Amino acid sequence: MNDGKLIRALRRGQRGALDRVIAGYSGYAASVARSVLGSAASREDLEEIVSDVFVALWRTADRLDETRPLKSYLAAIARNAAIDRLRRQRPEELLPADDLLAADDAEGPEAQALRREQAETLRRLLLGMAADDREIFVRFYYYRQTVREIASVMERNESTVKARLARGRARLRDKLTKEVDGYADP
């Protein structure tokens, strides 16, 4: 059964359709969640997230567009569920651990040290942002969510998300410029 037919069956509330979606896409939903959670993913966490993905799909079936592939819906739901899991595990810090500005193994020691210093500066500046602004920044730049996805998950207006991104970029640019100037003038 193709995605359009499955979506129509889901919208009609046919449980057999949900069973077919689960059978066909559980592995995909798990791999999306695993890509977000990384090493923080336990088997139990992945199973719970995958279950949550299909419950959310069932609950929102009436809003699905049959012209879009199911994978796009499942990927968005799984990514958001995994990010929410990360946030619950580390509510004070949504930032990724060591790979904010990942060092390239081919770089020399000086370049790697500079990259680590830049990552630490960026982390510190991001942690200095208001929690909502930091979450928007991380969702947009690290997890590559769209403005629409961020607005939906955070229950904000899209224009609010765009404005917070613009203001946040300006603040980061100002702070980075001051720090660089501060380093240049001992």
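Everything quoted here is computed from the prediction, not taken from an experiment.

Draft legend 1. The overall build of the chain, seen in detail. The secondary structure content of the chain amounts to eight helices and zero strands. For the chain, the succession of helices and strands along the chain, N to C, is α-α-α-α-α-α-α-α. Burial statistics for the chain: of 186 residues in total, 37% are counted as buried. A sequence separation of at least 24 residues applies to 65% of the contacts in the chain between residues at least 6 apart. When the accessible surface of the chain is split by element, carbon and sulfur atoms take 50% of a total near 11,100 Å².

Draft legend 2. Here's a closer look at the packing of helix H6 (residues 131-142) against helix H7 (residues 147-154). Relative to each other, H6 and H7 sit at 140°, their axes nearing to 10 Å. The angle between H6 and H7 places the two elements in the oblique class. The element H6 and its partner H7 pack so that their crossing is right-handed. Across the interface between the two elements, Asp132, Glu135, Ile136, Arg139 and Phe140 from H6 touch Val147, Ile150, Val153 and Met154 from H7. Here the residues of the contact of H6 with H7 are counted per class, giving six nonpolar, no polar and three charged.

Draft legend 3. Region of the structure containing the environment of Ala151. Within the element layout of this structure, Ala151 appears in helix H7. For Ala151, the contacting residues outside a window of four places in its chain are Arg156, Asn157, Glu158 and Val161.

Draft legend 4. View of H7. When H7 is considered as a whole, its buried residues turn out to be Val147, Glu149, Ile150, Ala151 and Met154. Just downstream of H7 lies Glu155, where phi reads positive at about 55°.

Draft legend 5. Broad picture of the confidence of the model for the chain. A residue-level look at the chain finds 82% of positions with pLDDT of 70 or above and a mean pLDDT of 81. Helix H3 (residues 43-59) holds the highest mean pLDDT among the elements of the chain, 91, whereas helix H5 (residues 109-127) holds the lowest, 78. Note that residues 90-94 has pLDDT below 50 and, in this model, ten contacts with residues that lie over four places away or in other chains. A low-confidence stretch, residues 97-103 stays under pLDDT 50, and its non-local contacts, those more than four residues away or across chains, total 14 contacts.

Draft legend 6. Expanded view of the packing of aromatic side chains. In the structure shown here, the tally under the stated rule is two aromatic pairs. Taking 4.8 Å as the distance between ring centres and 85° as the angle between the ring planes, the aromatic pair formed by Phe140 and Tyr141 counts as edge-to-face. We classify Phe140 as partly exposed; its relative accessible area is 26%. Grouping aromatic residues by their ring pairs yields a cluster made of Phe137, Phe140 and Tyr141. Over the ring of Trp58 we find Arg15, and its NZ or CZ is 5.7 Å from the ring centre. Directly above the ring of Tyr28 sits Lys71, whose terminal nitrogen or CZ lies 4.9 Å from the centroid.

Draft legend 7. Structural context of the pattern of salt bridges. Taken as a whole and judged by the stated rule, the model has eleven salt bridges. Between Arg11 and Glu66 there is a salt bridge whose closest N-O contact spans 2.5 Å. Pair noted here: Arg11 is in helix H1 (residues 3-11) and Glu66 is in the loop between H3 and helix H4 (70-89), with a separation of 55 residues, a long-range link. Given a relative accessible area of 36%, Arg11 falls into the partly exposed group. Judged by its relative accessible area of 30%, Glu66 falls in the partly exposed class. In this structure, Arg164 engages Asp133 in a salt bridge whose closest nitrogen and oxygen atoms are separated by 3.0 Å. Of this pair, Arg164 sits in helix H8 (residues 158-184) while Asp133 sits in helix H6, placing them 31 residues apart in sequence.

What counts as what
- Residues numbered from 1 in each chain as written.
- Predicted model: local features only at pLDDT ≥ 70, side-chain atom pairs only at ≥ 80, totals over all residues.
- Heavy atoms only, no water.
- Helix = DSSP H or I, 4+ residues; strand = E, 2+ residues; numbered from the N terminus.
- Buried < 20%, exposed > 50% of the residue type's maximum accessible area, 1.4 Å probe, protein only.
- Contact = heavy atoms within 4.5 Å.
- Areas by Shrake-Rupley, 256 points an atom, 1.4 Å probe, with all protein chains shown as cover.
- Axes fitted to C-alpha atoms, helices over the stretch in contact; angles between N-to-C directions.
- Parallel < 35°, antiparallel > 145°, perpendicular 65-115°, else oblique.
- Left-handed = near helix turned anticlockwise from the far one by under 90°.
- Nonpolar A, V, L, I, M, F, W, Y, C, P; charged D, E, K, R; others polar.
- pLDDT = per-residue confidence, 0-100.
- Phe/Tyr/Trp six-rings, centres within 6.5 Å; stacked < 30°, edge-to-face > 60°.
- Lys NZ or Arg CZ within 6 Å of the ring centre and 35° of its normal.
- Salt bridge = Lys/Arg side-chain N within 4 Å of Asp/Glu carboxyl O.

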